[in-house]
Amino acid sequence: MLETIWFLLWGILWMIYFILDGFDLGLGFLMPVLAKNEQEKRIIYNAMGPFWDGNEVWLITAGGVTFAAFPKAYAVMFSGLYTALMLLLFALIVRGVSFEFRNKVESPGWRKIWDCCLIVGSFLPALLLGVAFTNIFRGLPIDQNGVVQGNILSLLNPYGLLGGVLFVLLFAEHGALWLAYRATGELQLRSGKLAAKIWPIMVFVFVIFLAYTAVDTKLYANYLANPVLLLVMIVPVLGLVLTRTYIGAHKWLKAWIASALTIGGTALFGVLGIYPALLPSRLNPAYSITIYNGASSTLTLQIMLGVVIVFLPLVIAYQFWVYKNFSFALTPKHLKYEEAY
């Protein structure tokens, strides 16, 4: 029972990370398309500024839960996906530095360097997260010794690349909608129009991804065995429909929340599809790292659950406060404050 609870918590933490960091990653790599001048670039930075580092705390939390609750899965994942995860880490580091260093020197060339770092440091994580997780859903070539056979090139299979493209589109839509909610005037209109253009492409890729999933993975097995789980698939579909509906009505916050439903529902679809495995083996299901052979001791899981029950509500309350107080409409006057990016 404890193993299942922690599996669900593990999936939910990754889902929250994708939803929260997804919009600022998407907004980061969309900046060249959306921003036409320095003022608009600064508005984009300020739309992400109060949130991006708090959003990435959920990545640390999800990784920490993997390490503490399922150490064997952590070991196999971080050794087998080492190159991809190191690229992800370096990209996030460079991205974080760009927020702090961009305005340290009054030079267009200096700012351009850090703008490029933001763009690359936002696009790579979006792509790599999609490639990594869809390969997990597909199944990794894990042998009987728990060693992943292959290298980063083996992750670049058609299904993995399709998942990477899907994540990029989901995050791009999420980011454009966030800016449409935060910005005003022409920048808001431009963001809303871009979100409307991304939506049909995203739906097209989403449909292909679901069809390819039936061919190249065993994700649907759990859903066919437990038809009640099919209700989970309603969430991303409903999110897609509501996103387009609210875009048409120019209700940007509601459209962004609907986009969050799409991302969260997509993540849960994959997580529930691999249960009880954490890292399915494509070579032989018996070699898979599951919640049973990869979990920590019962005592460890019990202690951790107590900690989560106490502290997780505090973290959620804090983030709610941050979003409530800093999600106001941005105008040029907000760029005059010393703490503005």
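Look up a bit, the structure's there.
This text gives an overview of the structure that appears in the document. None of these values were measured; they are calculated from a predicted model.

Digging into the overall build of the protein chain
Consideration 1: When you go through the protein chain residue by residue, the secondary structure sums to 13 helices and two strands.
Consideration 2: A compact globule built from 341 residues should have a C-alpha radius of gyration of about 20 Å, and the protein chain, at 20 Å, falls within 12% of that.
Consideration 3: In terms of overall dimensions, the protein chain has a C-alpha envelope of 60 × 40 × 35 Å along the principal axes.
Consideration 4: Across the 341 residues that make up the protein chain, the buried fraction comes to 52%.
Consideration 5: Contacts in the protein chain between residues far apart in sequence, at least 24 positions, make up 80% of those at least 6 positions apart.
Consideration 6: Across the protein chain, 22 positive and 16 negative side-chain charges occur, with their mean positions spaced 8 Å apart.

Observations concerning the packing of helix α3 (residues 52-69) against helix α5 (residues 82-101)
Consideration 1: Between α3 and α5, the shortest axis-to-axis distance is 12 Å and the interhelical angle comes to 160 degrees. In terms of orientation, α3 lies roughly antiparallel with respect to α5. Between α3 and α5 lies a crossing of left-handed hand. When α3 is examined against α5, the residues Trp52, Glu56 and Leu59 are found in contact with a partner set consisting of Leu92, Arg95, Gly96, Phe99 and Glu100.

Notes on the side chain of Ser259
Consideration 1: Of note, Ser259 is situated in helix α12 (residues 252-274).
Consideration 2: Apart from the residues lying within four places of it in its own chain, the contact partners of Ser259 are Leu170, Glu173, His174, Leu177 and Thr243.

Digging into the state of the cysteines
Consideration 1: Per the stated rule, a full pass over the model turns up zero disulfides.
Consideration 2: With no disulfide of its own, Cys116 lies 7.1 Å from the sulfur of Cys117, the closest cysteine sulfur.

Here's the deal with the environment of Ile142
Consideration 1: On the secondary structure map, Ile142 appears in the loop between α6 (108-138) and α7 (152-155).
Consideration 2: Under the relative-accessibility criterion, Ile142 is labelled buried at 0%.
Consideration 3: Measuring from C-alpha to C-alpha, the distance between Ile142 and Leu279 comes to 8.4 Å, with 137 residues separating the pair along the chain.
Consideration 4: For Ile142, the residues in contact, after removing those within four places along its chain, are Val76, Val147, Val148, Leu279, Pro280, Ser281, Leu283, Tyr287 and Ile289.

What about the packing of helix α1 (residues 2-34) against helix α9 (residues 185-216)?
Consideration 1: In contact at an axis separation of 11 Å, α1 and α9 are set at 110 degrees when each is read in the N-to-C sense. Compared by their axis directions, α1 and α9 come out roughly perpendicular. Two packed elements cross with a definite hand, and for α1 against α9 that hand is right-handed. Residues Leu30, Val33 and Leu34 of α1 lie in contact with α9, whose contacting residues are Leu187, Arg190, Ser191 and Leu194.

Side note on the nonpolar core
Consideration 1: The biggest cluster of nonpolar side chains holds 107 residues, and the ones touching the most others in it are Trp6, Tyr17, Phe18, Phe70 and Leu279.
Consideration 2: If sequence neighbours within four positions are ignored, Phe70 has contacts with Glu3, Trp6, Phe7, Trp10, Val65, Leu278, Ile291, Gly294, Ala295 and Ser296.

Structural notes on the packing of aromatic side chains
Think of a pair of aromatic rings as described by two things: how far the centres are apart, and how the planes are tilted against each other in angle.
Consideration 1: The full count for this structure, using the stated rule, is 31 aromatic pairs.
Consideration 2: Ring centres 5.2 Å apart and planes at 15 degrees place the aromatic pair Tyr159 and Phe209 in the stacked group. Placement of Tyr159 in helix α8 (residues 158-182) and of Phe209 in helix α9 is noted, with a sequence separation of 50 residues between them. Accessibility assignment for this pair places Tyr159 and Phe209 in one class, buried.
Consideration 3: Cluster of aromatic residues (ring-pair linked, three or more members): Trp14, Tyr17, Phe18, Phe133, Phe137, Phe167 and Phe171.

As for the pattern of salt bridges
Consideration 1: Taken as a whole, this structure holds eleven salt bridges when the rule is applied.
Consideration 2: Here Glu40 makes a salt bridge to Arg190, at a shortest N to O gap of 2.8 Å. Remark: Arg190 occurs in helix α9 and Glu40 occurs in helix α2 (residues 38-48); sequence separation between them is 150 residues. Of the two residues, Glu40 and Arg190, both sit in the buried class.

Reading the values: the criteria
- Residues numbered from 1 in each chain as written.
- Predicted model: local features only at pLDDT ≥ 70, side-chain atom pairs only at ≥ 80, totals over all residues.
- Heavy atoms only, no water.
- Helix = DSSP H or I, 4+ residues; strand = E, 2+ residues; numbered from the N terminus.
- Rg over C-alpha atoms; globule rule 2.2 N^0.38 Å.
- Buried < 20%, exposed > 50% of the residue type's maximum accessible area, 1.4 Å probe, protein only.
- Contact = heavy atoms within 4.5 Å.
- Lys, Arg positive; Asp, Glu negative; His and termini not counted.
- Charge placed at Lys NZ, Arg CZ, Asp CG, Glu CD.
- Axes fitted to C-alpha atoms, helices over the stretch in contact; angles between N-to-C directions.
- Parallel < 35°, antiparallel > 145°, perpendicular 65-115°, else oblique.
- Left-handed = near helix turned anticlockwise from the far one by under 90°.
- Disulfide = S-S within 2.5 Å.
- Core = buried A, V, L, I, M, F, W, Y, C linked by side-chain atoms within 4.5 Å.
- Phe/Tyr/Trp six-rings, centres within 6.5 Å; stacked < 30°, edge-to-face > 60°.
- Salt bridge = Lys/Arg side-chain N within 4 Å of Asp/Glu carboxyl O.

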